[in-house]
Amino acid sequence: MSAPAAHQPMNAQRRLSRALTLRYISALALIACLATAAWMSLHLVISAQETTAAVVNVSGRQRMLSQRMALLALQLVKAAPDERADLRERLQQTVDLMQRSHLGLIQGDAEMNLPDSMSETVRALYFDGDAPLDRQVRAYLDAARILLRLPDAQLSADHPALQHLLEVGPNTLLTALDGMVWQYQREGEAAVARLNRIETSVWLLTLLLLALELAFIFRPFSQRLHQLMGALNDAQGRLERHLETLEQQVAARTHELQVARDHLEERVAARTAELETARRAAEAASADKSQFLANMSHEIRTPMNAVLGFLDILLDSRLDAEQSGYVRKIRQAADALLRILNDILDLTKLDAGAVALEQRPFLPETLLRQSIDLFSVSAHAKGLALGIAPVPILSQAFRGDPLRLGQVLNNLVGNAIKFTEHGSIRLSVQALGRDGERQRLRFEVQDSGIGLTPEQAARLFQPFSQADETTTRRFGGTGLGLAISKQLVELMGGEIGVDAVAGEGSTFWFCLALEPASPAETADLGAAAPVKAASAYRRTAPIRDAELLLVEDNLTNQAVALAMLGKLGLRPTVANNGQEALEQLKQRRFDLVLMDLHMPVMDGLTATAAIRAADWGRDIPIIAMTAAAFESDRDKVLAAGMNDHIAKPVDPQQLAAVLLRWLPAASESAAAQAALTAGDAPSPDDQAPGAGNAAMINLDADSQDFAHPVAVDAPDHPRLLLVDDDPTSLRLAASILDADYTLLVATAGRDALELAAEGPELILLDHHLPDIDGLEVCRRLKADPASAEIPVIFVTGNQDPVLEAAGLEAGAVDFVTKPYSAAVLRARVCTHVALKRKSDLLTALAQRDSLTGVANRRTFDQHLEKEWRLARRQQTPLSLVMIDADHFKAVNDTFGHPVGDQCLRGIAQCASAHLKRPADLLARYGGEEFVLLLPQTDAAGAAHLAEAIRSAIETRFARAADAHGEGPRLTASFGCATQTPSAQDTPETLLKLADRNLYQAKAGGRNRVEPAVGG
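Because the structure is predicted, anything quoted here is derived from the model rather than measured. (Residues numbered from 1 in each chain as written. Predicted model: local features only at pLDDT ≥ 70, side-chain atom pairs only at ≥ 80, totals over all residues. Heavy atoms only, no water.)

## Focus on the overall build of the protein chain
How we decide: Secondary structure counts use DSSP, requiring at least four H or I residues in a row for a helix and at least two E residues in a row for a strand, with both numbered from the N terminus. A 1.4 Å probe rolled over the protein chains alone gives each residue an accessible area, and that area as a share of the maximum for its type sets the label: buried under 20%, exposed over 50%, partly exposed in between. Any two residues having at least one pair of non-hydrogen atoms within 4.5 Å are treated as being in contact.
Counting its secondary structure elements, the protein chain contains 35 helices and 22 strands. Taken over 1015 residues, the protein chain has a buried fraction of 44%. Nonlocal contacts in the protein chain, meaning residues at least 24 apart in sequence, comprise 71% of its contacts between residues at least 6 apart.

Written out as structure tokens, the structure is:
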């Protein structure tokens, strides 16, 4: 075929393609035009509907406004003089609104979507005829204005203006307005119908065009597409054959990778077996607890009278010392109520005698004062005097169930406050005489309330019963409180009753025979009160032995601070002014500085600026401890470069919280060392000799558990921090969670940040707080290493998705929207507490060597980097000791891997037993090598410690080898290195020096210490 003949089919295809393309573009353009027309017609229909709806709504509102004007005018005439000002204002507002609506209907109003034109029919109704609507409306408005201008003395029911407003009949304004509404509606419907017909025509034309396009464009295009598909099928066949070849090559390579992966998985499985076992155990425990909590989904009711007063006062007050007292009282009430929740919610338990009573000593005065504290705010809010009648019997101790007695008293006091509007409520205890060895006591709650008739008193003490139905409606309540009180008193062997006169008050009483407490028990009651400071001292156990610099010029304040810090287990050093503090900080390392502000020679702010200007002082925590306690003073010290502020007089709880917050390094080191060195190594003299392999196998028998992770018993009630300024929300959350958790409560962001230092396992955080909003609190918690790992759940009534996303971005793990169900809140909290515990367990396992229980290589690297930076900043010596087990391969080959593992555990025990400081760290470096990290230790100190450990290892394993009689003897070689880091040095320099000295120790005959010779 010639070239021109070959090009003819190609040219024909091109012409066909161009023709099809031209048709396709033309059809698309026409369709676009029709679609635009359809959209415009639809827009016009919607606009017409909206305009019609607006006109009909406004005209209908005119009808309602006319009726409202008539009603307000009538009320104005008949109202009392002191009520007419408000009615005049409301009538004026109605006149103004009707005036504006009328002008909008006849002139147009863009804000109300009213058109500025009207049909001839509507215009005729408004302006033509004998009684046009415009004239009637204006006359109606004028009549209302006449009434508004009249003085109160001239207002009367027969005034013509009022009669005009109240006029009814076929020719009144109301009838005309009805006719106008119907006219607007008819015209709007007609306009919409016309536009709908236009829209339907446009869509029909569009469908016709689509049918023509299908017949004349897509059919030829489909034929051309079949030709192209044939060519593609041919190309696909060639591609498939090529892919078969590639698949064969990939299969061969995949087989090789599979073999390598199987080998790697076997090694990984062997190394992670213990971790997997621990993980499964943790998951099983979490699943059991989740199932248990899921089963406890019954409705929880919290007695409102016990906490309502303190919660209400929080709604209208700022957080201060007084509110802290309220929160503590609320917590006491919640603890008491929730511990007996299951008993008081189900009266059948009491009927069946299923409630167990305690017998422990208590003071009647304590019970009465607890009730007074609990209800003092409620009584104060109603202006009631609440007090205790002073009698000698109050200070005498008795044995009984103070929890149940307090419950009965709280029920009676709560009822007295609820049914007393003015006057007083008095609590008293009377001694009635003895019943054998028991003393009969009569507890009374006397009020000046509404009192009771004899018929009403007879119906009391029954479940769901009150004085009468009107009392229930007026004062609320279920009527269960007195029924529960009656059954509790009878369960304790007493009786309960009421003496009352209607309108004069009531006296509720109950009598019990109680056994007097012994003198020893009475003494214990008096000594059990001061626990606040002790709890602070116990909480600071993780940071004991931390070195602090106390900068204070006042000798008395020095003595107080030194005593307090000493009880906290810290090691303080005193500087009398800022200049002395600078000199001491240049000479030695401190973990934290407590700085007074007002001092001679150099004040605290100037000293802080000088410390921060030095390279060694940029990172050290500085806490202001001063009598300047205002918020502006706190801002001033923070701006000067200090980290936190403690106001004098210093509270031990606050001091402990601040120190725990700013001593994370010491806390972590102490906790890690306590876990790694748990238990003392057994003395070689305590180990009995054996024979053969048994001697080596049993050399570590007293410390088999040392190889396993140190388990810290989790408390039965995990601690949660509830942060919410709404007392009702706090009450609800506490009633749901207090049975299973220990609750900390904060009503502001700053309190939440302070309480977070106490280490709750989870935080429930509201978005809206009075000082710092919830998002900022969450960000600060996540920025603080001490609280960054605490899960945060936002609990808020705001359902805004943007707010939820912001909370999750700030670091929260979940978002619960109010109102929530008790079961959902329990499940969410339980799930995240379980996840937190599993995460903590995995973190602890990841930091510990699974065989020996000491720190692993990763933990050592992290501590070395941190201690290196600290030593370089403070210019203090840092020592490192590398330990290598001599003849370990021979021992392992002779006696087997189990014996080799026990040998490594024994070396770890010997070394751990000689570490006394929290900052010192023992880690397994790899294989049979260990490493000691000793901050602030010079070369002589490191060599002395290494020699003591070497001697202990030699003595420990010599006993076992002597018992066996043959085989290699396990010893250890030590390489020491000490440096005061400079800017040019790195931690690798110290490691290389220690490794070199370890090599020299082994080359020099093993079982020896090679001390540091440089650095």
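Next comes the rest of the account.
## A word on helix H2 (residues 84–107)
Inclusion rule: By this rule, a helix spans an expected 1.5 Å times one less than how many residues it contains.
In this model H2 runs 34 Å from its N-terminal to its C-terminal C-alpha over 24 residues, within 8% of the 34 Å that 1.5 Å per residue would give. Those residues of H2 lying buried are Arg 84, Leu 87, Arg 88, Leu 91, Thr 94, Val 95, Met 98, Ser 101, His 102, Gly 104, Leu 105 and Ile 106. A positive backbone phi angle near 95° is found at Gly 108, which sits one or two residues after H2.

## Looking at the packing of H2 against helix H4 (residues 133–149)
As a reminder, the rule being used: Angular values range over 0 to 180 degrees, each being the angle between N-to-C directions of two axes fitted as lines to C-alpha atoms, with helices fitted over their stretch in contact. Each angle receives one of four descriptions, namely roughly parallel if under 35 degrees, roughly antiparallel if over 145, roughly perpendicular if within 65 to 115, and oblique otherwise. Each crossing is labelled by how the near helix is turned from the far one, with a counterclockwise turn of less than a right angle marking it left-handed and a clockwise turn marking it right-handed. Any residue that is not Ala, Val, Leu, Ile, Met, Phe, Trp, Tyr, Cys, Pro, Asp, Glu, Lys or Arg is counted as polar, Gly included; the first ten are nonpolar and the last four charged.
Their axes nearest at 10 Å, the elements H2 and H4 cross at an angle of 160°. On the basis of the axis angle, H2 is roughly antiparallel to H4. Considering only the axes of H2 and H4, their crossing is left-handed. Within the contact between the two elements, H2 uses Arg 88, Leu 91, Gln 92, Val 95, Met 98, Gln 99, His 102, Leu 103 and Ile 106 and H4 uses Asp 134, Val 137, Arg 138, Tyr 140, Leu 141, Ala 144, Arg 145, Leu 147 and Leu 148. For the contact of H2 with H4, the class distribution of residues is 11 nonpolar, 3 polar and 4 charged.

## A few points about the nonpolar core
For clarity, the cut-off: Only buried residues count toward a nonpolar core, which is a set of Ala, Val, Leu, Ile, Met, Phe, Trp, Tyr and Cys residues joined through side-chain atoms within 4.5 Å.
Counting residues in each nonpolar core, the largest one holds 41 residues, and the members touching the most others are Met 69, Met 98, Tyr 126, Leu 147 and Tyr 184. Listed by contribution, the elements that provide at least two residues to this core are helix H1 (3–78), H2, helix H3 (120–127), H4, helix H5 (160–165) and helix H6 (173–271). Looking at this core element by element, the count peaks at 11 residues for H1. Discounting chain neighbours no more than four positions away, the residues touching Leu 147 are Ala 73, Leu 76, Arg 88, Leu 155, His 159, Ala 161, Leu 162 and Leu 165. Among the nonpolar cores identified, the runner-up in size contains 38 residues, and Leu 374, Leu 409, Phe 508 and Phe 510 belong to it.

## Details of the sheet that holds strand S18 (residues 878–886)
Definition in use: A pair of strands is treated as paired once DSSP finds two or more bridges between them.
Across the sheet, which stays open at both edges, the 5 strands sit in the order S19-S20-S18-S21-S22 with mixed pairing between neighbours. Of all the strands in the sheet, the pair left with one neighbour each is strand S19 (921–926) and strand S22 (1009–1010). Strand contacts of helix H31 (residues 857–874): S18, S19, strand S20 (929–935) and strand S21 (971–979), with the helix running at about 130° to S19, the strand carrying the most contacts. Against the sheet, helix H33 (residues 897–913) contacts S18, S19 and S20, and its axis sits at roughly 155° relative to S19.

## Here we look at the sheet that holds strand S8 (residues 547–551)
Within the open sheet, the 5 strands sit side by side as S9-S8-S10-S11-S12. Their pairing is parallel. Each having just a single partner strand, strand S9 (571–575) and strand S12 (644–647) make up the two edges of the open sheet. Strand-to-strand, the axes of this sheet are offset by a mean angle of 25°, without reference to chain direction. Together, strand S10 (592–595) and strand S11 (622–626) form the strand contacts of helix H21 (residues 604–613), whose direction differs from that of S10 by roughly 155°.

## Some remarks on empty space enclosed by the protein
In plain terms, the rule: Here the term cavity refers to a set of points on a 1 Å grid, laid over the protein atoms alone, in which a 1.4 Å probe fits but cannot get out; the term pocket refers to an open set having protein on both sides within 12 Å along at least five of seven lines, with lining residues being those that place an atom within 4 Å of a point. Grid points are joined across faces, edges and corners, and a volume is the space filled by probe spheres set on the points.
A complete count under the given rule lists 3 cavities of 30 Å³ or more for this structure. Lining the second largest cavity are 13 residues, and of these Asp 724, Ser 729, Ala 733, Leu 764 and Val 795 lie nearest its centre. Secondary-structure elements contributing two or more residues to the lining of the second largest cavity are strand S13 (719–723), helix H26 (727–737) and strand S15 (762–765). Looking at the lining of the second largest cavity element by element, the count peaks at 3 residues for H26. Its residues assigned to classes, the lining of the second largest cavity shows 9 nonpolar, 1 polar and 3 charged.

## Describing the pattern of salt bridges
Defined as follows: Here, a salt bridge means any Lys or Arg side-chain nitrogen found within 4 Å of an Asp or Glu carboxyl oxygen.
Under the defined criterion, the tally for this structure stands at 36 salt bridges. Salt-bridge contacts for Asp 814 lead to Arg 828; the nearest nitrogen and oxygen are separated by 3.3 Å. With a gap of 14 residues between them, Asp 814 in strand S17 (residues 814–817) and Arg 828 in helix H30 (residues 822–846) connect regions that are remote in the sequence. With relative accessibility at 15%, the residue Asp 814 sits in the buried group. Using a relative accessible area of 29% as the deciding quantity, one classes Arg 828 as partly exposed. Bridged by salt links that share partners, the residues Arg 100, Asp 109 and Glu 111 form one connected network.

## A few points about the environment of Asp 152
To keep it simple, the criterion reads: Within 3.5 Å is the distance limit for a polar contact, defined as a pair of N or O atoms, with the added protein rule that one can donate a hydrogen and the other accept it, and that residues adjacent in sequence qualify only through two side-chain atoms.
Looking at where Asp 152 falls in the secondary structure, it is placed in the loop between H4 and H5. Residues Asp 152 and Ala 85, 67 residues apart in the sequence, show an inter-C-alpha distance of 9.7 Å. Once residues within four sequence positions are removed from consideration, Asp 152 is found in contact with Arg 84 and Arg 88. Engagement of the side chain of Asp 152 in a polar contact is seen with the side chain of Arg 88, the distance being 2.7 Å.

## What about the pairing of strand S16 (residues 792–796)?
Threshold: For a crossover, the right-handed case is the one in which the path from the first strand over the helix to the second runs clockwise, viewed with the strands pointing away from the viewer.
Counting buried positions along S16 yields 5 of 5 residues, so the element is predominantly enclosed. Residues Val 792, Phe 794 and Thr 796 point to one face of S16 and Ile 793 and Val 795 to the other, with burial holding for every one of them. Here 3 bridges tie S15 to S16, and the two strands are oriented parallel to one another. Counted as the bridge partner of Leu 764 is Ile 793 from S16. Handedness of the crossover is the feature at issue here: the chain leaves S15, passes through helix H28 (residues 774–783), returns alongside S16, and the resulting connection is right-handed. Bridge count between S16 and S17: 4 bridges; the pairing is parallel. Paired with Thr 796 across the two strands is Thr 817, which belongs to S17.

## Some remarks on unusual backbone geometry
Working note: non-glycine residues mostly have negative phi, and peptide bonds are mostly trans. Phi is positive for Gln 875, which is not a glycine, with a value near 55°. Locating Gln 875 in the fold gives a position in the loop between H31 and S18. Positive phi, normally seen in glycine, also occurs at Arg 1006, with a value near 65°. Within the element layout of this structure, Arg 1006 appears in the loop between helix H35 (987–1003) and S22.

## A few points about the packing of aromatic side chains
Where we set the bar: Stacked, edge-to-face and tilted are the three classes for Phe, Tyr and Trp ring pairs, Trp counted by its six-membered ring, which pair at centre distances within 6.5 Å; planes under 30 degrees apart are stacked, over 60 edge-to-face, the rest tilted.
Taken as a whole and judged by the stated rule, the model has 4 aromatic pairs. When the centroid spacing of 4.9 Å and the interplanar angle of 5° are considered together, the rings of Phe 443 and Phe 510 count as stacked. Separated by 67 residues along the polypeptide, Phe 443 in strand S5 (residues 438–447) and Phe 510 in strand S7 (residues 505–516) bring together distant segments of the chain. Neither Phe 443 nor Phe 510 differs from the other in exposure class; each is buried. Here Phe 794 and Phe 815 contribute two aromatic rings whose centre-to-centre distance is 6.5 Å and whose plane-to-plane angle is 45°, an arrangement assigned as tilted. With Phe 794 in strand S16 and Phe 815 in strand S17, this pair connects stretches of sequence that are 21 residues apart. The class of Phe 794 is buried, set by a relative accessible area of 0%.

## Considering the confidence of the model for the protein chain
For residues with low pLDDT, the predicted coordinates do not support detailed interpretation. Selection rule: Confidence per residue, as judged by the predictor, is encoded in pLDDT with a range of 0 to 100.
Considering every residue of the protein chain, the mean pLDDT works out to 77; 78% of them sit at 70 or more. A low-confidence stretch, residues 289–316 stays under pLDDT 50, and its non-local contacts, those more than four residues away or across chains, total 63 contacts. Confidence drops under a pLDDT of 50 for residues 665–715, and excluding neighbours within four residues, the segment shows 94 contacts in the predicted structure.

## Quick word on the environment of Ile 793
Within the secondary structure, Ile 793 sits in strand S16. Spatially, the C-alpha atom of Ile 793 lies 5.9 Å from that of Val 813, the residues being 20 residues apart in sequence. Ignoring anything within four residues of it in the chain, the contact list for Ile 793 reads Leu 762, Ile 763, Leu 764, Leu 765, Val 813, Asp 814, Phe 815, Val 816, Arg 828 and His 832.

## Considerations on the pairing of S18
The side chains of a regular strand alternate between the sheet's two faces. Within S18, 9 of the 9 residues are buried, leaving the element largely enclosed by the surrounding structure. Here S18 shows no split at all, with Leu 878, Leu 880, Met 882, Asp 884 and Asp 886 on one side and Ser 879, Val 881, Ile 883 and Ala 885 on the other all buried.

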